[in-house]
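# Structure assessment
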Amino acid sequence: ALATPLSATMPEVDTLKISNDDAAFILGKNGKTKEKIARVSGADLDLFEQSLTLEIRGTDAERRRAKKYVECVMAQRVGPVHIEETQEDDDLTVIHVPTEAVGFVTGSQGNFLRQVEEEWGTLMFFADFRGRGSGREGQTEKLAIFGPRRGRRGAQLKVMAAVETKVPEYFTGKLQPEDDADDDWGTKTIVLKPDELSYALGKKGMTRKKLAKSSGCIVEYVGYTVFMSGTREERARAEEYLGWLFEQLKGPVYVTGWEDRDDCTCVDVPRDCVGYVTGARRATLGKIEEEWGTLMFFMSTNMRARDRDRDDRGRQEFDGSEKLAIFGPRRGRRGAELKVMSAVETKRPGYFTRDIQMHTSEQEGFASDTYPMDESELSYALGKDGTTRRKLARASGCIMEYVGQVAFICGTIEQRTRARTYLKWLLKQRHGSVYVDDLRDRDDVTIVQVPRDAIGFVTGNRGSSLRHVEEESGTFCFVEGGRGESEQLLIFGHIRADRELAERLVNQLVDEKMRDDERRYDDRRRDYGRGRSFSRDRDYRRRSYSRDRDYRRRSYSRDRDYRRRSYSRGRDDSRDRGRGGRSYSRGRDYDRRRQ
């Protein structure tokens, strides 16, 4: 009776026999190719190099896709990839790349394609297709893009933008306006003027990226044409945000009805702090937008004065502050809001935190907790350049920001509970070791047994080695305390892959320490095997060197004293030159003979 449900829940496995060369090609550098195939297909891949077998686990569709991708990767090693164009999986997009742009799209050693794959979670390569002809045969190469629809569309637009740079108007020369009013998923296109394109693109494409992140829409510039792909709501937001961006070229912008929008948060910033929050040439706001994926700008107060009769909340319109509008998803807006509050609190202490007490929300969904600290706790919890705060936030999956001396912890109840617990453990470390009572019941911890001889090497000078492991893996680590011949290093994090990475890094440090100890032990044994003769020879060389050095010193001293006496005798003779030249010449000849 138990066999049926267990077999139903166990994922099925497909096993492929591969060659040694294929195994290296499937694995890729540092295992990245295997991880990429698993991410795109949704299946789990295990490569056994000893038996040269590849196991694929997942649903029927996931295994079928993974097997197809593995076969394409193996085919790249020996020649062109041939693909049968079928609609079985609906995971393929084909783009025609002109022959003169193939090298530009590929990049040096395939770097451009690899970057696009990494950004959009796709699998891309040039291939030959069977089953469907094309009018551009001989003039173009076909680029296959495998992956989910959103990823394929983002990668496709990225390649189109690259081709358009090399061959202007190749895609946009005969572009027809797209009417997708009836489709939930589609593309909206807008043609920009040359001066508008540079402003909408921004430095290193930062403006385009923030438009895409804040709206949730795919935004790409192909030539002078803006392509916005996504759901109807996402496309509408992207178009609206782009319009506000161009309105700022004419003057301040005010968004009417911002209170009723679900994508907007406003922060009251004191007028004497506006420049500090904005930064030189908008540098501070730009960093916040980049970090949290939001669109931010100060709204015009003059236009607010015209609309203050519409304000039903009774807020003072001229309270010496400016309204900073933040647009984007809720989590991003909250993170950016707390970042601005922290900046204002630095300039005007107590502006936001004067009456705030410790608070823990019982709400299951997204909410905020507050945790006041004293100055010593704040300095310890912040860390150098905020590294400690960032590692706690990343390990817990929570938004954590310090506004004045108050820690704001935002997220779901599970994330907030983790963050508060990590923060309490961190503060306890100032006074001694920390012991975790519910260690066996937690699902966010990995335990690594570290030998006592290696614990100092793993932690490093002032914890530098362990801090490096935390920074690389996004985890929170500390040594629980001595229990037997080894000590427990606890690795905390809500993502299992991050904890596994930290465990590998710690084990590498332990192995390095063990190898160094073995090398020192072998050197000592080799010296001991030489016996007393080695020691006697070394002591003899030291005594010989000492005798030679003392002899040289004595010889130098005798010569120096002799020169002094000779010089004194010659000087006395020179004084008697007036009394007779013979005595002087006799003394000089005598000195010469002595020399």
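Fair warning: this is a prediction, and the values are worked out from it, not measured in the lab.

### Let's talk about the overall build of the protein chain
When helices and strands are counted, the protein chain shows 22 helices and 19 strands. Scored against the burial criterion, the 595 residues of the protein chain give a buried share of 42%. A fraction of 67% describes how many contacts in the protein chain between residues 6 or more apart in sequence connect residues 24 or more apart.

### Topic: the pairing of strand β2 (residues 44-48)
Residues L45 and L47 point to one face of β2 and are all buried, whereas D44, D46 and F48, pointing to the other face, are not buried. When β2 meets strand β3 (residues 53-58), the two strands line up antiparallel, connected through five bridges. Pairing of F48 across the sheet is with T53, part of β3. Counted along the chain from β2 to the antiparallel partner β3, the turn is four residues long, and its residue L52 has a positive phi close to 55°.

### Describing helix α15 (residues 375-382)
Listing the buried residues of α15 in full gives E377, L378 and A381. Along α15, the residues classed as buried sweep out an arc of 100° about the axis, all on the same side. Opposite the buried face of α15, by more than 90 degrees, sit the exposed residues E375 and S379. Buried residues in α15 make contact with α16 (387-396), β15 (399-403) and α17 (413-428). Positive backbone phi, approximately 75°, marks G383, located one or two places after α15.

### A short note on the packing of helix α8 (residues 194-201) against helix α9 (residues 206-215)
Packing of α8 against α9 brings their axes to within 5 Å, and their N-to-C directions diverge by 70°. Of the possible angle classes, the one that applies to α8 and α9 is roughly perpendicular. Touching Y199, A200 and L201 of α8 are M206, T207 and R208, all from α9. Residue classes in the contact of α8 with α9 are distributed as four nonpolar, one polar and one charged.

### Describing the nonpolar core
In this structure, V219, Y221, L242, F297, M299 and F327 are the most contacted members of the largest nonpolar core, which totals 27 residues. Looking at this core, the elements that each hand over two or more residues are α8, α9, β9 (218-222), β10 (225-231), α10 (232-247), β11 (264-270), β12 (295-298) and β13 (321-327). Of the residues forming this core, the biggest block, six residues, is contributed by α10.

### Considering unusual backbone geometry
We note that Q109 has phi near 55°; this positive angle belongs to a residue other than glycine. On the secondary structure map, Q109 appears in the loop between α5 (102-106) and α6 (111-120). Owing to a relative accessible area of 78%, Q109 belongs among the exposed residues under this scheme. Even without being a glycine, D385 presents a positive backbone phi close to 55°. Taking relative accessible area as the criterion, D385 reaches 66% and is therefore assigned exposed.

### Quick notes on the packing of aromatic side chains
The geometry of an aromatic ring pair is captured by two quantities: the separation of the ring centres and the angle between the planes. A full pass over the atoms with the stated rule returns 17 aromatic pairs. Centroid distance W244 to F297: 6.1 Å. Interplanar angle 70°. Geometry classified as edge-to-face. In this pair, W244 sits in helix α10 while F297 sits in strand β12, placing the two residues 53 residues apart along the sequence. Judged by relative accessible area, which is 8%, W244 ranks as buried. The class of F297 is buried, set by a relative accessible area of 4%. Chaining the aromatic ring pairs together yields one cluster made of Y422, W425, F476, F478 and F492.

Rules of the game
Per chain, residue numbering runs from 1 following the sequence as it is written. Where totals are concerned, whole chains, interfaces and linings use all residues; where local detail is concerned, this predicted model gives features only for residues with pLDDT of at least 70, and gives and counts side-chain atom pairs only at 80 or more. The basis for every side-chain value is the complete set of heavy atoms in the structure, and neither hydrogens nor water enter the calculation. The numbering of helices and of strands both runs from the N terminus, where a helix is a DSSP run of H or I of at least 4 residues and a strand a run of E of at least 2. Summary of the burial criterion: residues with accessible area below 20% of their type's maximum are buried, those above 50% are exposed, and those between are partly exposed, where the area comes from a 1.4 Å probe applied to protein chains only. Residue contacts are counted whenever heavy atoms from the two residues lie within 4.5 Å of one another. Paired strands, in this sense, are two strands between which DSSP finds at least two bridges. Here the arc refers to the set of directions running from the helix axis out to each C-beta atom. Here the axes come from fitting lines to C-alpha atoms, over the contacting stretch only for helices, and the angles between their N-to-C directions go from 0 to 180 degrees. Roughly parallel means an angle under 35 degrees; roughly antiparallel, over 145; roughly perpendicular, 65 to 115; everything else is oblique. Three categories are distinguished: nonpolar for Ala, Val, Leu, Ile, Met, Phe, Trp, Tyr, Cys and Pro, charged for Asp, Glu, Lys and Arg, and polar for the others, with Gly belonging to the last. The term nonpolar core refers to a set of buried residues drawn from Ala, Val, Leu, Ile, Met, Phe, Trp, Tyr and Cys, joined through side-chain atoms within 4.5 Å. The criterion for an aromatic pair is that two Phe, Tyr or Trp rings (for Trp, the six-membered ring) have centres within 6.5 Å, with stacked assigned to planes under 30 degrees apart, edge-to-face to planes over 60 apart and tilted to the rest.

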